[in-house]
Amino acid sequence: MTVRYRTLAASRDSVSGARVVARLLAGMGFRLYWATEGLSTDLYGFRPCEGARSIGETLDHIWDLLSWTHTAVFHTEVRKPADVVLVREGALELISSLQDRFSEMEDADLPAVELLGQPFWPVIN
C-alpha cells in the first residue's frame, strides 16, 4: 500500500471538483508518506516544543479526520489501530480509498457527502 505514495502521479487532463479533492488526497498521501517514512517508533513521541503535539499525536489527529471523512463517504466506520506505525499505514490506506472514491465521483455526487449533517465543504478543511 505505502508504495502508492512514494511518488505523486501526473495530474489528469480534465478538471472537476471531485478530481480536485482526489488530487488533494494524493498530495496528502505523498506528504504523509515522506514525512513519516523510516521513523523509528521512539520518534513518534517527539514534540518540537512544549505544548505542541507529538508526531504520533499529529498522526492520530490525521487518522481521526480521515476516519471521519471515510465514514461520511462510505457510511462505514473504521477502527484506529493501537500501534502508531499501524496508524500510519492505516491512514495511508484511508487516503487511498478516499482518493479512489473521489476519482470516480461526478461533481453532482459531492453534495451528498456530509459530515455531521454539514455540507461537503468541511471535507476540504
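None of the values given here were measured: they were computed from a predicted structure. (Residues numbered from 1 in each chain as written. Predicted model: local features only at pLDDT ≥ 70, side-chain atom pairs only at ≥ 80, totals over all residues. Heavy atoms only, no water.)

**Q** For this particular structure, what's the right way to read the overall build of the protein?
**A** Counting its secondary structure elements, the protein contains 4 helices and 0 strands. In the protein, the order of α-helices and β-strands from amino to carboxyl end is α-α-α-α. Its C-alpha atoms put the protein at 45 × 35 × 25 Å along the principal axes. Taking all contacts inside the protein whose residues are at least 6 apart in sequence as the whole, residues at least 24 apart take part in 65%. Accessible surface for the protein amounts to roughly 7,700 Å². Of this, 56% is attributable to carbon and sulfur atoms. Considering the protein, the positive charge centre built from 12 side chains and the negative charge centre built from 17 side chains are found 4 Å apart. (Helix = DSSP H or I, 4+ residues; strand = E, 2+ residues; numbered from the N terminus. Contact = heavy atoms within 4.5 Å. Areas by Shrake-Rupley, 256 points an atom, 1.4 Å probe, with all protein chains shown as cover. Lys, Arg positive; Asp, Glu negative; His and termini not counted. Charge placed at Lys NZ, Arg CZ, Asp CG, Glu CD.)

**Q** It is not clear to me how the packing of helix α2 (residues 55-74) against helix α3 (residues 84-104) should be interpreted in this structure. Could you clarify?
**A** Any two packed helices are characterised by the angle at which their axes cross and by the distance between the axes. Packing of α2 against α3 brings their axes to within 9 Å, and their N-to-C directions diverge by 35°. For the element pair α2 and α3, the recorded crossing hand is left-handed. Listed contacts from α3 to Gly56, Leu59, Asp60, Trp63, Leu66, Ser67, Thr69, His70, Val73 and Phe74 of α2 are Val84, Val87, Arg88, Gly90, Ala91, Leu94, Ile95, Ser97, Leu98, Arg101 and Phe102. Split by residue class, the contact of α2 with α3 holds 12 nonpolar, 6 polar and 3 charged. (Axes fitted to C-alpha atoms, helices over the stretch in contact; angles between N-to-C directions. Left-handed = near helix turned anticlockwise from the far one by under 90°. Nonpolar A, V, L, I, M, F, W, Y, C, P; charged D, E, K, R; others polar.)

**Q** Just to check I follow, could you spell out the pattern of salt bridges for this structure?
**A** Opposite charge on two side chains permits them to pair, given that their charged atoms come into close proximity. Summed over all chains, the structure comprises 7 salt bridges. The residue Lys80 makes a salt bridge to Asp64 at a minimum N-O spacing of 2.9 Å. Taken as a pair, Lys80 in the loop between α2 and α3 and Asp64 in helix α2 lie far apart in primary sequence, 16 residues in all. The partly exposed category is assigned to Asp64, whose relative accessible area is 40%. Its salt-bridge partner being Glu89, residue Arg88 comes within 2.8 Å of it at the nearest N-O pair. What makes Arg88 buried here is its relative accessible area of 5%. In this structure Glu89 comes out as partly exposed when scored by relative accessible area, which is 23%. By sharing partners, the salt bridges in this structure join Glu37, Arg88 and Glu89 into a single network. (Salt bridge = Lys/Arg side-chain N within 4 Å of Asp/Glu carboxyl O. Buried < 20%, exposed > 50% of the residue type's maximum accessible area, 1.4 Å probe, protein only.)

Without other data, these values stay purely geometric and don't point to any function.
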